[in-house]
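# Per-entry structural report
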Amino acid sequence: MTERKPPGVSYGTWVDRQIAAAESRGDFEDLPGAGKPLPPPTGRDAATDWAIRRAREGDLDVSAFLPPSLALPREIQDLPGKLAKVHSERKVREIVEDLNDRIRKAHAMPQDGPVLRARPLDVEETVASWRAGRGES
């Protein structure tokens, strides 16, 4: 049984602490089904069935199911196509800087799963590539 939530601590913070403590104890290691594909919908677990159905229908970004070490390289790979739809240099810079921030944060976190090999992108080089794709110099 877990301890009671201390007064003055938000539920989110308290729950995050409980999860972090369980992770450090190894409570989530070797769970049944780890590393296996999502099961077919059974009708008994509405949340899981919803996520599986949405992922299969293509309405859900399945990268949300991936660890950062797999999701971030995929996002880098898809970046040129995403930036091709952007019309302002300021927005391109915002997108690349946001991606770089998430890459840095992922490197600062304990690695879970495959090692994250992605490095932050050179913003100026990415902007120059975006301009070249638009026929600008």
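About the criteria used
- Residues numbered from 1 in each chain as written.
- Predicted model: local features only at pLDDT ≥ 70, side-chain atom pairs only at ≥ 80, totals over all residues.
- Heavy atoms only, no water.
- Helix = DSSP H or I, 4+ residues; strand = E, 2+ residues; numbered from the N terminus.
- Rg over C-alpha atoms; globule rule 2.2 N^0.38 Å.
- Core = buried A, V, L, I, M, F, W, Y, C linked by side-chain atoms within 4.5 Å.
- Buried < 20%, exposed > 50% of the residue type's maximum accessible area, 1.4 Å probe, protein only.
- Contact = heavy atoms within 4.5 Å.

Under an unreviewed UniProt entry, the name given to the protein chain is DUF1992 domain-containing protein, and the source organism is Amycolatopsis albidoflavus.

The subject of this paragraph is the overall build of the protein chain. For the protein chain, the count of helices and strands is 5 helices and 0 strands. Taken from N to C terminus, the helices and strands of the protein chain fall in the order α-α-α-α-α. Computed over its C-alpha atoms, the radius of gyration of the protein chain comes to 20 Å, more than 25% above the 14 Å expected for a compact globule of 137 residues. With respect to the principal axes defined by its C-alpha atoms, the protein chain has extents near 65 × 40 × 30 Å.

Let us now look at the nonpolar core. L72, L79, L83, V86, V92 and V96 are the most contacted members of the largest nonpolar core, which has 15 residues in total. Elements represented by at least two residues in this core include exactly helix 3 (68-84), helix 4 (89-108) and helix 5 (123-133). Apart from the residues lying within four places of it in its own chain, the contact partners of L79 are I95, V96, L99, L121 and T126.

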